[in-house]
Structure formats: structure tokens, C-alpha cells
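Residues per chain are reported as follows:
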Amino acid sequence: MRKDVRILLVGEPKVGKTSLIMSLVSEEFPTVVPYRAEEITIPADVTPERVPTHIVDYSEAEQTDEQLLQEISKANVICIVYAVNNKTSIEKVTSYWIPLITDNTDKDSRVPLILVGNKSDLVEHSSMETILPIMNQYSEIETCVECSAKNLKNISELFYYAQKAVLHPTSPLYCPEKKDMKPNCVKALTRIFKVSDLDNDGILNDNELNLFQRTCFNMPLEPQALEDVKNVVRKNLTDGVCENGLTLKGFLFLHTLFIQRGRHETTWTVLRRFGYDDDLELHQDYLFPPLKIPPDCTTELNHTAYLFLQSVFDKHDKDRDCALSPEELSDLFDVFPYMPWGADVNNTICTNDQGWITYQGYLSQWTLTTYLDVQRCLEYLGYLGYSIIAEQESQVAAITVTRDKKIDLQKKQTQRGVFRCNVFGDVGSGKSGFLQAFLGRNLMQQTIKEEHRSYYAISTSYVYGQEKYLLLHEVFPDFDYLSDADLACDIVCLVYDVSNPYSFGYCAKVFKQYFTDCKIPCMMIAAKSDLPETKQFYACSPLEFCRRHKMPPPQSFTCNTAAAPSKDIYTKLTTMAVYPHARLRCMCTCNRCTFCLCQNLLNSELLQTVRAKLHAVVLRRHMSQADLKSSTFWLRASVGATLFAVLGFAMYRVLLKAR
């Protein structure tokens, strides 16, 4: 709503413009009237709409035409005053004043006009018969008020209507010629209806109507009042009420009725609560509330936001198959002015066998938008009516700003739920296949049109039982032009093709130039491992390169599988991103190094059998309390533990020497 209202009074000399202002202020008719009253400001707390109001007078005797035009350009509403006993002043309304105002105001944003018939105390008849044709001719005329400055008749009402014409204008809502609401108004109210229809059944039931009433007017409807509203609709529309609920037609009819009865402030209250401005566009302050994000911090959705998005998904998943068909997705985004998700989204998140967005994929896309472009996420949540349905001040309440990554590294722990992995690799190394495999698609399922291609893939991964989102970003293979955004991530993934002898060289160059002295963990991926491995034309082998730079050995990967590719490698990536400070030796899967040989020995069937038998013997043996307290027992236990440690160390040295 506007911060203030500026009212300008114009008209022929001697029609009583100045008297009207002075009578309003002093509440009595002035005996001495100056040529022009000084500008008056009425404080917000004494006006009906609680908005500061400036009242400006015009005098032909004291002001030039240029000054008049300046005042017209600054005014929010103009009162054209005429004397009901002076036909010339009435004729000048159409012959001079309305054309003058129309020619000097913007055609796209007409200033509302109020016709004021003063000196009604001097005549016994009304001027409305003369004025009504004028009102029908000019749509910018909001209303006409007959008053008397001498008798103080309708003085307060005059300025109230002037305020109302600015704060609750009729012209954006209603077309008098057609006697119906304008298309933009119908469009806005239709969106409001759909947002308020929580179960998406096309009817506002009593609970939904009460939530709507409480949201817009801070008070619920009494049961009898609710029934009276429905009865009014029933009498005028056959399909306005269905199953004891209000249909869209009934909802629109009610607002048409409000406007026709001069209660358009009711419709404006609803529109403004749902974020609309005077032009019936969603206000920028509503769509983009201020959100401060410090450097090195990221943005994520909080638990309340995920619950809201879950309710939106359930609302539109009519067949309850945990996936959104194209029709269901279109219905979900019907409250948007445009379709926010393109064809590339289906190659960014998980879909079912039919290519429909699953529940997990739906939440993943929202998580991706929040992480990459939080302002866009705020806009989308605004279209869905998050602040209204979740009863929050704004969409900012849905966002969590994480703490600085440097603090996470210092404390060696993080509360973040989304981690970014930038994927580097030469052309044809298998990066796109690596991203699509994360979404559960093998090589046969990765036929993607170039215009539908996505350079992102996001899904969930579990790290020690905790669900985390891993965001994979395929970086364009331009070695000489890597931006800060290409380098900003939680983990780096270097992909090379084992069948291409020149593929590894690119990964090695990227690592040496950008990540050698960086604290970001890196992992080498040996892609296309189902193909014959060739020697890489580089100074050292990929395994030796990883050893020199204290990286985990190259991880074998292929998406050329019959079933969905394994997700173990993505779990490892997520674990390294969550715990960048930890040296996770468990990442090694080469089956050639000493660590892997020892791991295989410890996990061998023979050792497991021996361990199980020893465990059974110890459990079956009956040991008294005296045995446990005996020094002989503890001496034997100590000797056994020492022998086991010595034998284990000796075995480790033998295997190390062999390597």
C-alpha cells in the first residue's frame, strides 16, 4: 500500500475549493476565506485508512499554468470542484478540466478523478442527473459527491472517497461498460483461489475459507456468516456452490458483487495480502524479500520449507503414484506467470520409467534452485503462496544460510545438507554419463537431445546414515578459462577415459594448475572401465600420480551396465565432501596396494571363520569370578594380544616389501 496520498483540488474560481479544505480542518465554515489554502498534511492516525494525506489547493489568482501542471503531475487523486448552482462551472468539468488533466498525465496510469458538487445548501435539487452521463463517459471518474462547506455536509466523506480512490481504485478491477471484472483482476483472483484450495479439488471448503478469511482479515468467519455468504451465491449462480463449498465461479462472483456495491476495498485487501500491487502485478518486494548472504556461505531449504513443498506435491499428485505427470506438473505451475522448469530438468533430477518427475527428483530440483539461485527460489515460493499458507512473514523464512565454510573446516564438522562436486574432464571422457549414472540411468538410457542437455545432476546420498544432497556440476572443458564459479565447490572430480591414452593428461593439468595447493579434496575417476585399458601418455601412471599428490587411487567406473549403475562411488564423493579434513583410506578399491591386500585378508572367508570359532569358544567357556580376578588369566590375555599384534605387523611388512 502507498506510504501517503496527495489530493489536489481544482475547479473554477469561487466554487468553494478553499472553503472545503478549511471546513475540514477547523470543522466550521470560515468567515474569511483566502485566495488559496496552504498545503495541509493530515497524520495517518486520524485518517480512516491510516495513511498520511496531503491536501493541496489551487488558485488561478496566485498560481501560473505551469505550477498547475506540476501539481497535476504530483497528485495521486484530483478533485474537480464545481458549484451545483453554477451551470458554467459544471460545463467546464468536461470542456476544460478533464481534457487538461488527461493531456498532462500518463495514459497507462490515469489519475483517478472525484467530481465534487459544492454549495448544495443553496439549491433544493440535485446535480446528479447532469453528472451521471459525464461519469459514464469518463472511466477515470471514481465517484461524485455533493457537499456543502457551509453546513459541513459530506466534507469528511469527500476526502475519504478521495483517499479510497487512490488506495482502492476501481479502474484496475472493474469495467463499468461490461459490468464485469477486468481480465487481469480475474487472473489474479483465480491464482488466489488455486493457492487457497489446499486439496486441489476445485472447491473452497469451510476450513479453507476460514484460513483464507483469517489470512486476509485476521479473523475467522462465524458459521452463520459463512452460510449467509454461500446462500447469496446460491441465489445468483447455479454452480457457485458445490458440495457445500465455494467454486471458482462463486468466488469470482462474490468479488464482483463487492465491487458493484462499492466495497472494492475488500477485494483490494485480498489482492494486496497475496502480493499484488496497484497494477495487479505481483510486487517485487513480495517476490524478492531482502536476504543477506555473507561470502563463503550457501543457501538451503529448511525443514518447514520441505514440508510445504511436500504438501504442494501431494496436492497435485492426483493419482498418488509419487510422480508428477506432465499434466500434473502443468497444473502445479498454473499459479506461475510462466513455466519455470524446462526440458533440461528431466536430465537433472530423478524420474520414473515414463520420464515423470518423482518425489525425490521434485525436492532435488527445489534444492538445486535454492543452492544456485536463491532469489529465483524466493520468487517461485512467492508464486506458490508460501508466506500465506505457511503463515510466515515472507519466503525468507524458508531459507537457511549456512555458516562460513572456513568455520566448518576449523571445527571439523558441518550442519550443511547440500554439497557441490565440480566434474572436470576432457571432451568425450564420460562426464555426462557420470552425471546421468548418478540419477540411476545406464548407458542405454542416456539418449539426450542437445537442447535438453543439463550440466547439473542432483540427488540424495547417505553418509553414515545421514541424508545429504550431492550436486554434480559438469565444467566445460576449457582449460584456459576456468572461472571462480568453476573452482568453488566442496569436492573436485577428475574424470578420464581409460581407453583414451590422451585423456588423463587433461585431468593432471587441471589438478596441477588449480588444485595442487588447494584444501578441496579431489578424486580421480577412471571412466569407461568396461573398455580395454590403455597406457596413458603421461609422465606417470594415474595410480602413481594419485600417490604423489596424496589422493585416493583412481576409482573405476562404468555406466555401461544392464541394471542401474552402482552408487558407491557417489557415496564416497559425498563422504569426502562432508569430511574434507579426514583422510579416508577406505576410498581405495584398487585391490593392488598394501592397504587393499590387508583389507581383503581381514575380510576373507578363512579369517572370518577362525574369528567366529574363537568367539564361540570364549563364550562357551565357563569362567568364574575368581578366574576373572586371577593374575594368570590376565597375563595369558596380554601375551595373546601381544603375539597377535606382532604377527599382524610382520605380515604387513612382508606384504609391503613384496610391493
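Everything here concerns the structure above.
First things first, this report covers the structure right here in the doc.

What counts, and at which threshold
Residues numbered from 1 in each chain as written. Predicted model: local features only at pLDDT ≥ 70, side-chain atom pairs only at ≥ 80, totals over all residues. Heavy atoms only, no water. Buried < 20%, exposed > 50% of the residue type's maximum accessible area, 1.4 Å probe, protein only. Helix = DSSP H or I, 4+ residues; strand = E, 2+ residues; numbered from the N terminus. Contact = heavy atoms within 4.5 Å. Phe/Tyr/Trp six-rings, centres within 6.5 Å; stacked < 30°, edge-to-face > 60°. Lys NZ or Arg CZ within 6 Å of the ring centre and 35° of its normal. Pairing = 2+ DSSP bridges. Salt bridge = Lys/Arg side-chain N within 4 Å of Asp/Glu carboxyl O. Axes fitted to C-alpha atoms, helices over the stretch in contact; angles between N-to-C directions. Left-handed = near helix turned anticlockwise from the far one by under 90°. Nonpolar A, V, L, I, M, F, W, Y, C, P; charged D, E, K, R; others polar. Right-handed = clockwise from strand over helix to strand, strands pointing away. Parallel < 35°, antiparallel > 145°, perpendicular 65-115°, else oblique.

Turning our attention to helix H10 (residues 264-273). Spacing of three or four residues puts side chains on the same side of an α-helix, whose turn is 3.6 residues. For H10, a buried count of seven out of 10 residues is recorded, marking the element as mostly surrounded by other parts of the structure. Those residues of H10 lying buried are His264, Thr266, Thr267, Trp268, Val270, Leu271 and Arg272. Considering only its buried residues, H10 is in contact with helix H5 (155-167), helix H6 (183-196), helix H7 (206-217) and helix H9 (248-260). A positive backbone phi angle near 95° is found at Gly275, which sits one or two residues after H10.

A separate point is the packing of aromatic side chains. To describe a pair of aromatic rings, one takes the distance between the centres and the angle between the planes. Scanning all chains against the criterion turns up 31 aromatic pairs. Their ring planes at 50° and their centres at 5.7 Å tell us that Tyr160 and Tyr161 sit as a pair that is tilted. According to the relative accessible area criterion, Tyr160 is partly exposed, its value standing at 24%. Residue classification places Tyr161 among the partly exposed positions, given a relative accessible area of 34%. Centre to centre, the rings of Phe308 and Tyr386 are 5.1 Å apart; their planes meet at 85°, and the pair counts as edge-to-face. Placement of Phe308 in helix H12 (residues 303-316) and of Tyr386 in helix H16 (residues 386-389) is noted, with a sequence separation of 78 residues between them. Both residues of the pair, Phe308 and Tyr386, belong to the buried class. Feature note: the residues Phe313, Phe333, Phe336, Tyr338, Trp341, Tyr359, Tyr362, Trp366, Tyr380 and Tyr383 constitute an aromatic cluster, connected by ring pairs. Of note, Lys92 hangs over the ring of Tyr96, and the distance from its end group to the ring centre comes to 6.0 Å.

Below, the discussion takes up the pairing of strand E4 (residues 77-83). Counting buried residues along E4, seven of its seven residues qualify, which places the element largely inside the surrounding structure. A two-sided burial pattern is seen for E4, the buried positions comprising Val77, Cys79, Val81 and Ala83 on one face and Ile78, Ile80 and Tyr82 on the other. Here five bridges tie strand E1 (residues 5-11) to E4, and the two strands are oriented parallel to one another. Residue Leu8 lies in a different strand from E4, and its bridge partner there is Ile78.

Moving on, we come to the sheet that holds strand E11 (residues 245-247). Strand order across the open sheet formed by three strands is E9-E11-E10, with antiparallel pairing between neighbours. Across the chains shown, the open sheet's two edge strands, defined by having one partner strand only, are strand E9 (203-204) and strand E10 (241-242).

What follows is about the pattern of salt bridges. Between side chains of opposite charge, a pair can form when the charged atoms approach closely. Counted according to the given criterion, the structure contains 19 salt bridges. Here Glu265 ties to Lys164 by a salt bridge, and the two come within 3.2 Å at their closest N and O atoms. Pair noted here: Glu265 is in helix H10 and Lys164 is in helix H5, with a separation of 101 residues, a long-range link. Residue class for Lys164 comes out buried when judged on its relative accessible area of 8%. In this structure, the salt-bridge partner of Asp331 is Lys318, at a minimum N-O distance of 4.0 Å. Here Asp331, found in helix H13 (residues 326-332), pairs with Lys318, found in the loop between H12 and strand E13 (323-324); they are 13 residues apart in sequence, far enough to count as distant. Salt bridges sharing partners connect three or more residues here, namely Arg6, Glu39, Glu71 and Lys74.

Counting through the fold element by element, Thr370 comes out in helix H14 (residues 359-372). Residue class for Thr370 comes out buried when judged on its relative accessible area of 0%. Beyond its immediate chain neighbours, meaning those up to four positions away, Thr370 contacts Thr299, Glu300, Leu301, Cys377 and Ile399.

A word on unusual backbone geometry. With a phi close to 60°, Asn154 is a non-glycine residue in the positive phi region. Its relative accessible area of 26% is what places Asn154 among the partly exposed residues. Here the phi dihedral of Lys179 falls at roughly 55°; this positive angle occurs in a residue that is not glycine. As for its placement among the helices and strands, Lys179 is situated in the loop between strand E7 (174-175) and strand E8 (180-181).

Before going further, it helps to examine the sheet that holds strand E3 (residues 53-57). Spatially, six strands are ordered E2-E3-E1-E4-E5-E6 in an open sheet, and the strand pairing comes out mixed. The sheet is open, and its two edges are formed by strand E2 (40-42) and strand E6 (141-146), each paired on a single side. Across this sheet, the average inter-strand angle for adjacent strands is 20°, counted without regard to direction. Contacts between helix H2 (residues 65-74) and the sheet are confined to E1, E3 and E4, with E1 contributing the most and set at about 140° to the helix. Contacts from helix H3 (residues 87-103) reach E1, E4, strand E5 (113-118) and E6, with the element oriented near 160° to E4.

A word on the packing of H2 against H3. It is the contact of H2 with H3, at a shortest axis distance of 10 Å, that shows an interaxial angle of 65°. The interaxial crossing formed by H2 with H3 has right-handed handedness. Residues Leu68, Leu69 and Ile72 of H2 lie in contact with H3, whose contacting residues are Trp97, Leu100 and Ile101. Looking at the contact of H2 with H3 residue by residue, the class counts come to six nonpolar, no polar and no charged.

Moving on, we get to the pairing of E5. In terms of residue burial, E5 counts as a mostly covered element, since six of its six residues are buried. Side chains Leu113, Leu115 and Gly117 project from E5 onto one buried face, and the interleaved Ile114, Val116 and Asn118 project onto a second face that is buried too. For E4 and E5, the ladder comprises six bridges, and the chain directions are parallel. Looking at E5, one finds that Ile80 is bridged to Leu115. Note that E5 and E6 share five bridges and pair parallel. By the bridge assignment, Val116 is partnered in E6 with Val145. Handedness of the E5-helix H4 (residues 128-137)-E6 crossover: right-handed.

Between two packed helices, the angle of one axis relative to the other and the distance separating the axes together describe the packing. One way to put it is that H14 packs onto helix H15 (residues 374-383) with a least axis distance of 5 Å and a crossing angle of 130°. Between H14 and H15, the crossing angle belongs to the class labelled oblique. Contacts between H14 and H15 involve Trp366, Thr369, Thr370 and Leu372 on the former and, on the latter, Val374, Arg376, Cys377, Tyr380 and Leu381. Among the residues making up the contact of H14 with H15, the classes are represented as six nonpolar, two polar and one charged.

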